[in-house]
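What follows is each chain in one-letter form.
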Amino acid sequence: MGLRTILSAVVTSGLLLGILTSPSAGAHAHAGADADAGGTPGLARSAQAARADDPPRRGADFPRMPGRCYESDNRTLKDRPCRITRYGAKRPMLVVWGDSHAWMYLPALRQEARAARVNLTLVVFGSCPPSLPLPRSRGFGRVQCEKHNTATFDWIKRLTSRREQVSLLVGGFWSGYRQAYRRQQRADRDGTDSGLTIYQQHMSVLAVESSPRLFEKLGRRRLDIDLIGQAATVPQDPRYCPAGREPYQCDLPRARAMDREKPNRRWIKRNLRAPLVGRPRLIDTTPAYCSSQTCRAHVGGANTFYDDVHLGAELTRTLGEYFVPTFDDLR
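Residues numbered from 1 in each chain as written. Predicted model: local features only at pLDDT ≥ 70, side-chain atom pairs only at ≥ 80, totals over all residues. Heavy atoms only, no water.

Some thoughts on the state of the cysteines
What is meant by a disulfide is a covalent connection between two cysteines, made through their sulfur atoms.
Link 1 in the chain: As enumerated under the stated definition, the model contains four disulfides in all.
Link 2 in the chain: Disulfide pairing places C128 opposite C145 at an S-S distance of 2.0 Å. Between C128 and C145, the S-S torsion sits near 85°, and that sign places the bridge as right-handed. Of the two residues, C128 is situated in the loop between β3 (119-124) and α5 (144-162) and C145 in helix α5; the sequence distance between them amounts to 17 residues.
Link 3 in the chain: By relative accessible area, C128 is classed as buried at 1%.
Link 4 in the chain: With a sulfur-sulfur separation of 2.1 Å, C241 is cross-linked through a disulfide to C250. (Disulfide = S-S within 2.5 Å. Helix = DSSP H or I, 4+ residues; strand = E, 2+ residues; numbered from the N terminus. Buried < 20%, exposed > 50% of the residue type's maximum accessible area, 1.4 Å probe, protein only.)

Structure (structure tokens):
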């Protein structure tokens with residue numbers, strides 16, 4: 001398929017959380033995220049395409065969606081969930097819902113779906129936490145992210161009403177949204193400028209205040225759901241790395257690469273996992289690339305990072321074992 005696109009999720013998550021991005025990531029992010037303030041309804045959004053004359057930055061180390069998931073321009077995702085594997089209606093289905101921090105695990109998920117003969121479908125939207133729309137009283141105008149999530153929830157309700165063997169795997173850049181939310185709260189308290197755009201503020205409020213409401217509704221529907229836990233990221237001001245910066249080529253202290261790890265884990269458990277039925281997993285892939293003290297820049301020759309806020313596809317392709325229990329439930 002070649003360099004079909006640089007995914008909108010990969011491009012725009014950096015802008016949403018400018019506090020976590022490198023300068024080059026922020027420059028590419030602006031057009032994609034600002035477009036989210038408008039847009040058309042549905043389950044799709046435009047993806048930024050890699051121009052042939054762009055200088056190489058991080059190579060092709062990002063997860064590719066199947067060509068059938070794009071319109072003929074090879075840039076725009078079709079207005080429907082993206083079917084990754086197809087094994088017929090009698091086989092079980094796993095639906096992955098989230099932003100780029102769910103999307104980046106596609107190489108591992110595709111591999112395990114093929115091994116288990118499971119229908120894998122992605123419903124993903126960059127810089128958009130799975131959530132319910134905010135009340136109008138919060139002062140934000142309704143944006144494409146909220147339309148996407150509303151359409152996704154309605155689709156999942158219809159899907160699970162007619163198919164029995166359906167599970168969900170939900171992921172989001174919760175640590176980043178929470179960091180932006182705290183930053184805005186401090187700015188409001190101190191009467192200063194947070195440096196976040198209205199859209200960035202909106203997404204952080206959606207994640208912190210409205211994602212828990214979504215998980216309460218999912219829990220009431222008694223759906224089988226697993227969650228993807230926090231991934232390592234490159235801090236905004238890492239130490240100078242002589243081996244290279246894009247992607248970051250030096251090991252990082254775990255405490256810096258996993259910002260507020262314990263509080264984030266508690267927040268996910270209390271606000272997202274607790275309302276769900278059964279024993280939902282919180283899938284932690286960090287043992288593959290982090291020790292208790294250090295997050296490595298390379299694992300078996302693969303870069304850990306694609307950019308400052310995403311793992312590389314060559315690495316995530318090796319992480320299938322962490323998702324095996326989710327697929328085992330569907331066998």
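Quick notes on the nonpolar core
Link 1 in the chain: In terms of nonpolar packing, the biggest core is built from 43 residues, with M65, Y105, L120, L122 and F323 touching the most fellow members.
Link 2 in the chain: Every element with two or more residues in this core is listed here: β2 (93-98), α3 (100-103), α4 (106-116) and β3.
Link 3 in the chain: Per-element tally for this core: the top contributor is α4, with five residues.
Link 4 in the chain: Listed in part, the 40 residues of the second largest apolar core include M93, C128, A207 and V309. (Core = buried A, V, L, I, M, F, W, Y, C linked by side-chain atoms within 4.5 Å.)

Notes on the packing of helix α7 (residues 198-220) against helix α9 (residues 261-273)
To characterise two packed helices, one gives the angle between the axes of the helices and the distance between these axes.
Link 1 in the chain: Orientation of α7 relative to α9, taken along the N-to-C sense of each, is 45°, at an axis distance of 8 Å. Taken together, the axes of α7 and α9 lie oblique to each other. Counted together, A207, V208, S211, P212 and F215 of α7 and W267, N271 and L272 of α9 form the full contact between these two elements. (Axes fitted to C-alpha atoms, helices over the stretch in contact; angles between N-to-C directions. Parallel < 35°, antiparallel > 145°, perpendicular 65-115°, else oblique. Contact = heavy atoms within 4.5 Å.)

Details of the sheet that holds strand β7 (residues 282-283)
Link 1 in the chain: Strands sit in the order β1-β3-β2-β4-β5-β7 across an open sheet of six strands; the sheet is mixed. Edge positions in the sheet fall to β1 (82-83) and β7, since each of these pairs with one other strand and no more.
Link 2 in the chain: Summarising the sheet, strand β4 (residues 166-171) and strand β5 (residues 224-228) pair through four bridges and their orientation is parallel. Residue pairing across strands places V170 opposite L227, the latter belonging to β5.
Link 3 in the chain: α5 contacts β2, β3 and β4 of the sheet and is inclined by roughly 165° relative to β2. (Pairing = 2+ DSSP bridges.)

A word on α9
Link 1 in the chain: Those residues of α9 lying buried are N264, W267, I268 and L272. Buried residues of α9 fall within an arc of 100° about the axis and therefore sit on the same side. Turned more than 90 degrees away from the buried face of α9 sit K262 and R270, all of them exposed.
Link 2 in the chain: Among the structural elements, α6 (174-190), α7, β5 and β7 are those in contact with the buried residues of α9. (Arc of directions from axis to C-beta.)

Quick notes on the packing of aromatic side chains
Link 1 in the chain: A full pass over the atoms with the stated rule returns six aromatic pairs.
Link 2 in the chain: Aromatic pair F62 and Y306: ring centres 5.9 Å apart, planes at 70°, arrangement edge-to-face. Taken as a pair, F62 in the loop between α2 (23-34) and β1 and Y306 in strand β11 (residues 305-307) lie far apart in primary sequence, 244 residues in all.
Link 3 in the chain: Accessibility expressed as a relative area gives 3% for F62, which makes it buried.
Link 4 in the chain: Site record: aromatic cluster; members linked through ring pairs are F173, W174, Y177, F215 and W267. (Phe/Tyr/Trp six-rings, centres within 6.5 Å; stacked < 30°, edge-to-face > 60°.)

Notes on empty space enclosed by the protein
Link 1 in the chain: Summed over all chains, the structure comprises two cavities of 30 Å³ or more.
Link 2 in the chain: Every residue lining the second largest cavity is listed: H101, G172, F173, W174, S175, G229, Q230, A231, N264 and I268.
Link 3 in the chain: Among the secondary structure elements, those contributing two or more residues to the lining of the second largest cavity are α6 and α9.
Link 4 in the chain: For the lining of the second largest cavity, the class distribution of residues is four nonpolar, six polar and no charged. (1 Å grid on protein atoms, 1.4 Å probe; cavity = no way out; pocket = protein on both sides within 12 Å on 5 of 7 lines; lining within 4 Å. Points joined across faces, edges and corners; volume = space filled by probe spheres on them. Nonpolar A, V, L, I, M, F, W, Y, C, P; charged D, E, K, R; others polar.)

Some points on a positive patch on the surface
Link 1 in the chain: A grouping of R186, R260, K262, R266 and R270 is seen on the molecular surface, where their side chains present a positively charged patch.
Link 2 in the chain: Counting residues per element, the positive patch draws most heavily on α9, at three residues.
Link 3 in the chain: Residue placement: R266 occurs in helix α9.
Link 4 in the chain: A residue is classified by how much of its surface remains accessible, and R266, at 46% relative accessible area, is partly exposed. (Patch = residues over 30% accessible without salt bridge, like charges linked within 9 Å, V, L, I, M, F, W, Y side chains within 5 Å. Areas by Shrake-Rupley, 256 points an atom, 1.4 Å probe, with all protein chains shown as cover. Salt bridge = Lys/Arg side-chain N within 4 Å of Asp/Glu carboxyl O. Lys, Arg positive; Asp, Glu negative; His and termini not counted. Charge placed at Lys NZ, Arg CZ, Asp CG, Glu CD.)

Examining the pairing of β4
Link 1 in the chain: Across the six residues of β4, six count as buried, placing the element largely inside the fold.
Link 2 in the chain: Alternating positions in β4 separate into two faces, V166, L168 and V170 on one and S167, L169 and G171 on the other, with burial throughout.
Link 3 in the chain: Where β2 lies against β4, six bridges are found, and the strand directions are parallel. The partner of M93 across the bridge, within β4, is V166.

Here we look at the pattern of salt bridges
Link 1 in the chain: A complete count under the given rule lists 10 salt bridges for this structure.
Link 2 in the chain: The partner of R142 in a salt bridge is E146, with the nearest N and O atoms 3.7 Å apart.
Link 3 in the chain: Exposure remark for E146: the relative accessible area of 2% places this residue in the buried category.
Link 4 in the chain: Put simply, K157 and D154 hold a salt bridge, and the shortest N to O gap is 3.6 Å.

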